[in-house]
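Tertiary structure, described
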Amino acid sequence: MKRLMCGAATAAISLAFVGEAAATEWNASVWGKRRAFTEHVEKIAELVAEKTGGEFTINVSYGGLSKPKENLDGISIGAIEMAQFCAGYHPDKNRLITVLELPFLGVSNLEEEVAVSNAVYGHPAVQKEMAQWNAKLLMTSPMPQYNIVGTGEPRDELAEFDGMRVRATGGLGEAFKAVGGVPTSVPATEAYNAMESGVVDTVAFAQHAHLSFGTINRADWWTANLNPGTVNCPVVVNTDAYDALSDEERAALDGSVDEAIAHYLANYGELLTRWDSVLDEKGVQKVMISDEVLAQFRETAAVPARDKWIADMTAQGLPGQELYDLVVSTLDKARMGN
């Protein structure tokens, strides 16, 4: 009897451990601090936990798991289950989604950015390229058009971009290079120090990043309408971890994407609404670039960058023209829908 009781106790303990092991815990790697750029990651973690009764949790880590430029590597080797990265950090690893970073694509709002990102992410060639890194594209991190902050006199003429050292990655960097700028792709977390030490003269960011990384605090001016383009920063998950989810967990994750993006858009919209008051509060001059200068910038940077990108992708056997056309047609459909 004693042996039977011991056996029963052991079995109960074993079942308890099995019950505990059944819970799924993921780590998500982002960087900086919680801000508009990470609100959809925070929201999806909240929704997944709610929908599974706490049986599937996602722990969001701000720089504690990986450096920004190494997040995709962490996904590839299975060190992390979810991560955010920006295409311009390693364009050789994610060649095809850099179509979304081409300058002057004409995307005018965050909803359009979501539409073109979703279209590109859904393309079989893009998914195949991400699969090489054991990564599955989950959702985008839509950002408005980038604009630059700087010190001293505003740079509002094209000639003043010549020799300008600017923190700008990917297609944005190429756009500034086309007009004589000297781009550097330091991670966002290092932009303030680069500006403070004089490594760069100006920094190109979306509004939330100028706030979060402090570059607005060193600025004398901000270009309100330069709008040369933006960066594309997907949230991806490790394919093996995704495949190992139960049907309920996978449904909770996939079914929370749209709600997480809606939360992100609403939150970012509030920031854009109060941006002018932020500039006033910090004493930053709002600079409007003339239509003539904007036209010169587009003519110099947009078409050459597009043609070069398509040619480079085609030379590598990748559907560059097809993806560029997909962006254009998706934008047309989005605008017709509005």
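Preceding this section is the structure that the text describes.
So, here is what we can say about the structure in this document.

The rules behind the values
Counting restarts for each chain: residues are numbered from 1 in the order of the written sequence. Where local features are concerned, this predicted model is filtered to residues with pLDDT of at least 70; where side-chain atom pairs are given and counted, the filter is 80 or more; whole-chain, interface and lining totals use all residues. With hydrogens and water set aside, each side-chain value is computed from the structure's full complement of heavy atoms. We count a stretch as a helix when DSSP gives it H or I for four or more residues in a row; a strand needs E for two or more, and each element gets its number in order from the N terminus. Per-residue accessibility, obtained with a 1.4 Å probe over protein chains only, is compared with the maximum for each type, and a residue is labelled buried under 20%, exposed over 50%, and partly exposed between these values. Contacts are assigned to residue pairs with any non-hydrogen atoms lying within 4.5 Å of each other. Using the Shrake-Rupley algorithm and a 1.4 Å probe, accessible areas are obtained, with residue cover drawn only from the displayed protein chains. We treat Lys and Arg as the positive residues and Asp and Glu as the negative residues; His and chain ends play no part in the count. Note on charges: their place is set at NZ of Lys, CZ of Arg, CG of Asp or CD of Glu. Among buried residues, those of type Ala, Val, Leu, Ile, Met, Phe, Trp, Tyr and Cys that are joined through side-chain atoms within 4.5 Å constitute a nonpolar core. DSSP calls a pair of strands paired once it identifies at least 2 bridges connecting them. As a rule, the C-alpha atoms of each element are fitted with a line to give its axis, helices using only the stretch in contact, and angles between N-to-C directions run from 0 to 180 degrees. Definition of a polar contact: a pair of N or O atoms within 3.5 Å, with one able to donate and the other able to accept a hydrogen when the atoms are protein atoms, and with sequence-neighbouring residues admitted only if both atoms are side-chain atoms.

Time to look at the overall build of the chain. The number of helices and strands found in the chain is 14 helices and eleven strands. With respect to the principal axes defined by its C-alpha atoms, the chain has extents near 90 × 45 × 40 Å. When each of the 338 residues of the chain is scored for burial, the buried share is 52%. Long-range pairs, those at least 24 residues apart, make up 78% of the contacts in the chain between residues at least 6 apart in sequence. If you sum the accessible surface of the chain, you get close to 15,000 Å²; carbon and sulfur atoms cover 51% of it. Of the side-chain charges in the chain, 27 are positive and 46 negative, and the distance between the mean point of each set is 5 Å.

Counting residues in hydrophobic clusters, the biggest one holds 77 residues, and the most contacted among them are Met82, Leu253 and Phe297. When residues of this core are assigned to their parent elements, the largest contribution, seven residues, is made by helix α11 (residues 257-273). Phe297 has contacts with Phe104, Leu158, Phe161, Ala175, Phe176, Val179, Leu226, Pro228 and Ala302, leaving out every residue within four places of it along the chain. Membership of the second largest hydrophobic core comes to 30 residues, among which are Phe85, Val116, Leu318 and Leu323.

Another point: the environment of Ala119. Within the secondary structure, Ala119 is located in helix α4 (residues 110-121). Each C-alpha atom of the pair Ala119 and Leu331 lies 9.9 Å from the other, and the pair is 212 residues apart in sequence. Beyond its immediate chain neighbours, meaning those up to four positions away, Ala119 contacts Leu326 and Thr330.

As a further point, take the sheet that holds strand β7 (residues 182-184). Here we have six strands laid out as an open sheet, ordered β7-β6-β8-β5-β9-β11, and mixed in their pairing. Every other strand in the sheet has two partners, leaving β7 and β11 (285-287) as the edge strands with one partner each. Ignoring strand direction, the axes of neighbouring strands in this sheet form an average angle of 25 degrees. Pairing of strand β5 (residues 147-150) with strand β8 (residues 202-205) involves four bridges; the strand directions are antiparallel. Each residue of the ladder has a partner; that of Ile148, found in β8, is Ala204.

Within the secondary structure, Thr169 is located in the loop between β6 (165-167) and α6 (170-178). Apart from the residues within four sequence positions on either side, Thr169 is in contact with Gly88, Tyr89, Ser185 and Val231.

Moving on, we come to the side chain of Asn134. You can see Asn134 is positioned in the loop between α5 (124-131) and β4 (135-139). For Asn134, a relative accessible area of 17% puts it in the buried group. Polar contacts involving the side chain of Asn134 include one to the side chain of Asp240, which spans 3.0 Å. Dropping the residues within four chain positions of it, Asn134 is found in contact with Ile75, Ser76, Val237, Asn238, Thr239 and Asp240.

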